[in-house]
Amino acid sequence: MRRRVWLLATAVVAGLLVPSAAPAVADSSQCSIAASGAASCAARAEFVSLGEHLLVEDRVADGHSAVARYWLKGGTGPFHVWNSGGAGTTVDHNLELPEGSWIFYQVCVGEFGLRDVWTSTCSAGVTDYA
Amino acid sequence: MRKDPNPLNRRTFVLGGLAAAAGAVALPGASSSAPARRGAGIQALRFPFELGVASGDPTPDGVVLWTRLAPAPLNTGGHGGMPNADVAVEWQVATDATFGTGAIVASGTQIARYAEAHSVHAEPTGLQPGREYFYRFRADGHLSPVGRTVTAPAAGSMPAQLRFAFASCQHFEQGWYHAHSGIAADRPDLVLFLGDYIYENTSSGLEDVRGYVLSDEADTLTEYRHRYAQYRTDPNLQAAHAAAPWLVVFDDHELENNWNSTNQSAARRQAAFQAFYENMPLRAAQRPVSSSMLLYRRLQWGTLARFHLLDTRQYRAPQALPLSCSVMRDPARTIAGAAQEQWLLQAFEQHPARWDLLGQQVFFAQRDDDGLRGTCDQSTDAWDGYAATRDRIAAGWVQRGVPNMVVLTGDVHRHWAADLRLDYYNHSSPIIGTELVTTSITSGGRGGGSAPSAGWLANNPHIKYTQDQRGYVRATLTPDLLTAEFMIVTPSVVASTATTAMDRRFAVQAGRPGLQPA
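From a predicted model like this one, the values you see are computed outputs, not experimental measurements.

Parameters and conventions
Residues numbered from 1 in each chain as written. Chains lettered and ligands numbered in written order. Predicted model: local features only at pLDDT ≥ 70, side-chain atom pairs only at ≥ 80, totals over all residues. Heavy atoms only, no water. Helix = DSSP H or I, 4+ residues; strand = E, 2+ residues; numbered from the N terminus. Rg over C-alpha atoms; globule rule 2.2 N^0.38 Å. Buried < 20%, exposed > 50% of the residue type's maximum accessible area, 1.4 Å probe, protein only. Contact = heavy atoms within 4.5 Å. Areas by Shrake-Rupley, 256 points an atom, 1.4 Å probe, with all protein chains shown as cover. Lys, Arg positive; Asp, Glu negative; His and termini not counted. Charge placed at Lys NZ, Arg CZ, Asp CG, Glu CD. Pairing = 2+ DSSP bridges. Axes fitted to C-alpha atoms, helices over the stretch in contact; angles between N-to-C directions. Domains from an automatic or database assignment. Buried area = accessible area lost by both parts, 1.4 Å probe. Salt bridge = Lys/Arg side-chain N within 4 Å of Asp/Glu carboxyl O. Polar contact = N/O pair within 3.5 Å; in protein donor to acceptor, adjacent residues only side chain to side chain. Core = buried A, V, L, I, M, F, W, Y, C linked by side-chain atoms within 4.5 Å. Disulfide = S-S within 2.5 Å.

Caption draft 1: Up close: the overall build of chain B. Check the secondary structure of chain B and you find nine helices and 22 strands. Relative to the 2.2 N^0.38 estimate, which gives 24 Å for 518 residues, the radius of gyration of chain B is 23 Å and therefore close to what a compact globule would have. Considered along the principal axes of its C-alpha atoms, chain B spans approximately 75 × 50 × 45 Å. Taken over 518 residues, chain B has a buried fraction of 61%. A separation threshold of at least 6 residues defines the contact pool for chain B, and within that pool the share at least 24 residues apart is 71%. Total accessible area on chain B stands at roughly 17000 Å², and carbon and sulfur atoms take up 51% of it. Separation between the mean location of the 45 positive side-chain charges and that of the 48 negative ones in chain B comes to 7 Å.

Spelled out as structure tokens, the structure:
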């Protein structure tokens, strides 16, 4: 009986191992790419799963801003987190995501005044989880 | 009752389940390029059902069940965060949504292959006709959301009614999918989606309500896959898919705006068709072969209704230049292709159902700006641009005595309702059928554009209604009556909170063609 097999299999797994609901994964990070006159990794973003913080760092004194853009589970985005504070500064954006949700984010270089994201500098992006 | 074409060996499954927790998985039937077990470095899957579940193309004893594994749907490689390995996915069909004791009536296993973006198309058979079922999937220990589906009535039986919805054109950036929320709440027996499920084109950059991750025009398999994945992250779209079986056809934007049989490379056609198949609840019969895809097909709903789902893109001649009457009316040109046209005309010779419905893409009735036969100021992309094909098909159903013909249409981002005639320039020409055109789910955004002028309507008196708001159409079909309710989103699709409301209702009586206010 197929259903019984399904239950048996689950029971075997549950009886031998205590897996976590999801594997432990180190916090992810991204670097902007070199383009449009911006240096490689001029902007960096890191997602800290504990507390769901998106950190956006400006790493090069180039007169430009760092910006992260992100999309969320549920079909929303992009949302933008700008760091216009200059080289060596980091902006901490607290997302407070519900458990089980995810974020897909990229980091780019841009001009804060015009809210112009230089998409050619955007990292490929990565998904991380709350 | 049970149908398990790819039975999951118990030992394999137990090993797989065990390995899933331990970091390895057994994959019955996996391709030679994939590891037989999850090896070192391949992690357990995150929740892989982020794109939801769907069903489609019901018959009296079965339906196709769909999902696509994508734990990270917006990752830009087109594989939704899945590893380069094939994965066993179990499915179950039950008579209640809790999958309680004795409720499961069919189950099996499909292999979600990396080469097909981990899409799953399961085709259970042996189900009872004319009843509601529930289904779910399991992969690597994760359970999917539960979907609801419905089988078609038994052959030769006359159901009391069929409740169906139809929709089209859901540009992701231009609005929220409130209309899909309405469809899901209706819980119809069927949903027809008549094309422009995605838009391939470059992001507007305006991001009316949301924006693409990949903003350039999609023209590769990776990009099409990603575009579908982003659309399918929408919870209302997922809810509408999970609420009822869908019948889907593509129009142009699943490939490129206004494409035809001659203006696309084989490589791009193949990529677009492959991605469409991977992301739709379609049967194996619709799996693309190279740069072709057999999309036109038929579905019977007892003796009440027969749906002819058409493909007006893949075989059409190039569009005529504007105002070129000689080309638009050239009988050698076709919008459907000779084989599909014959397939349709031959079907008209039999009358197994009270109602015949053509589910198709572009405007069927004539829309002529000045009402003059000699100017052809009409759309060259719609059936107006292929008038000879339309004339042959319309005359075909009249001559063959098709009792009640209804054409269901999308594409034009407005609601329309029209009587069909053999000769639209002769305003007393007999009415031979009905066309119901659904507006877009979102495409066009806020809407509210100008209505056709009184002069235009006087030139086109067969047009009974038009509305430039977003929404869908819901309909009820009985042996005696078709009732169509044109639903609109209010206040608009750019509002984060909105609802759906009926804007207009029409009825068509069996045996008496012509729209009636209802």
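Caption draft 2: View of the sheet that holds strand β15 (residues 405-409) of chain B. Residue and element names in this part refer to chain B. In space, the seven strands of this open sheet follow the order β12-β13-β14-β15-β17-β16-β18, with mixed pairing throughout. If you trace the sheet from one side to the other, it starts and ends with β12 (297-301) and β18 (463-467), each paired once. Along the sheet, successive strands turn relative to each other by an average axial angle of 20°, direction set aside. The strands touched by helix α7 (residues 338-348) are β12, β13 (305-309), β14 (355-359) and β15; relative to β13, the strand with the most contacts, the crossing angle is about 170°. Docked against the sheet, helix α8 (residues 387-399) engages β14, β15, β16 (415-421) and β17 (431-437), running at close to 125° with respect to β17.

Caption draft 3: Here's a closer look at the domain arrangement of chain B. Residue and element names in this part refer to chain B. Split by domain assignment, chain B resolves into domain 1 (12-150) and domain 2 (162-517). The interface is formed by 35 residues belonging to domain 1 together with 36 residues belonging to domain 2. Taken as a group, D57, L74 and R148 account for 23% of the area that domain 1 buries against domain 2, more than any other trio of residues on that side. For the pair domain 1 and domain 2, the interface holds four salt bridges. Note that E116 and R287 form a salt bridge whose closest N and O atoms lie 2.3 Å from each other. Counting every contact that joins domain 1 to domain 2 gives 21 residue pairs in polar contact (both at pLDDT 80 or more).

Caption draft 4: Quick look at the nonpolar core. All names here are of chain B. In this structure, F164, F307 and L408 are the most contacted members of the largest nonpolar core, which totals 72 residues. At six residues, helix α5 (residues 266-278) tops the list of elements feeding residues into this core. Among all residues touching F307, those that are not within four sequence positions of it are L162, L190, L192, L247, R297, R298, L299, L357 and L408. Of all hydrophobic cores here, the second largest spans 31 residues; its members include W343, Y386, A394 and I432.

Caption draft 5: Focus on the pattern of salt bridges. Inspection of every chain in the model, using the stated rule, returns 29 salt bridges over all chains. Its salt-bridge partner being D419 of chain B, residue K464 of chain B comes within 4.0 Å of it at the nearest N-O pair. In this pair, K464 of chain B is assigned in strand β18 and D419 of chain B in strand β16, connecting sequence segments 45 residues apart. Bridged by salt links that share partners, the residues R44, E46, E57 and R59 of chain A form one connected network.

Caption draft 6: Quick peek at the state of the cysteines. Taken as a whole and assessed by the stated rule, the structure comprises three disulfides over all chains. Two residues, C31 of chain A and C41 of chain A, share a disulfide whose sulfurs are 1.8 Å apart. Of this pair, C31 of chain A sits in strand β1 (residues 28-31) while C41 of chain A is found in the loop between β1 and β2 (43-48), placing the two residues 10 residues apart along the sequence. Classification of C41 of chain A by relative accessible area gives buried; the value is 11%. Across the disulfide, C325 of chain B is cross-linked to C376 of chain B (sulfur-sulfur distance 2.1 Å). Its S-S torsion of approximately 120° makes the covalent link between C325 of chain B and C376 of chain B right-handed. A residue pair is termed long-range when its members are at least 10 positions apart, and C325 of chain B in helix α6 (residues 325-328) and C376 of chain B in the loop between β14 and α8 qualify at 51 residues. For the pair shown, C325 of chain B and C376 of chain B are each scored as buried. Going through chain A in sequence order and numbering each bonded cysteine, the pairs you get are 1-2, 3-4.

Caption draft 7: A look at unusual backbone geometry. G77 of chain A connects to P78 of chain A through a cis peptide bond whose omega is 5°. Position of P78 of chain A among the secondary structure elements: in strand β5 (residues 76-83). Across the junction of T490 of chain B and P491 of chain B, the peptide omega takes the value 10°, indicating a cis bond. In this structure, P491 of chain B sits in the loop between β20 (481-490) and β21 (499-509). With phi around 50°, D140 of chain B is a residue other than glycine that occupies positive phi space. Here D140 of chain B lies in the loop between β6 (132-139) and β7 (142-143). Phi angles above zero are rare outside glycine, and D411 of chain B is one such case at about 80°. If you trace the backbone, D411 of chain B turns up in the loop between β15 and β16. Using a relative accessible area of 17% as the deciding quantity, one classes D411 of chain B as buried.

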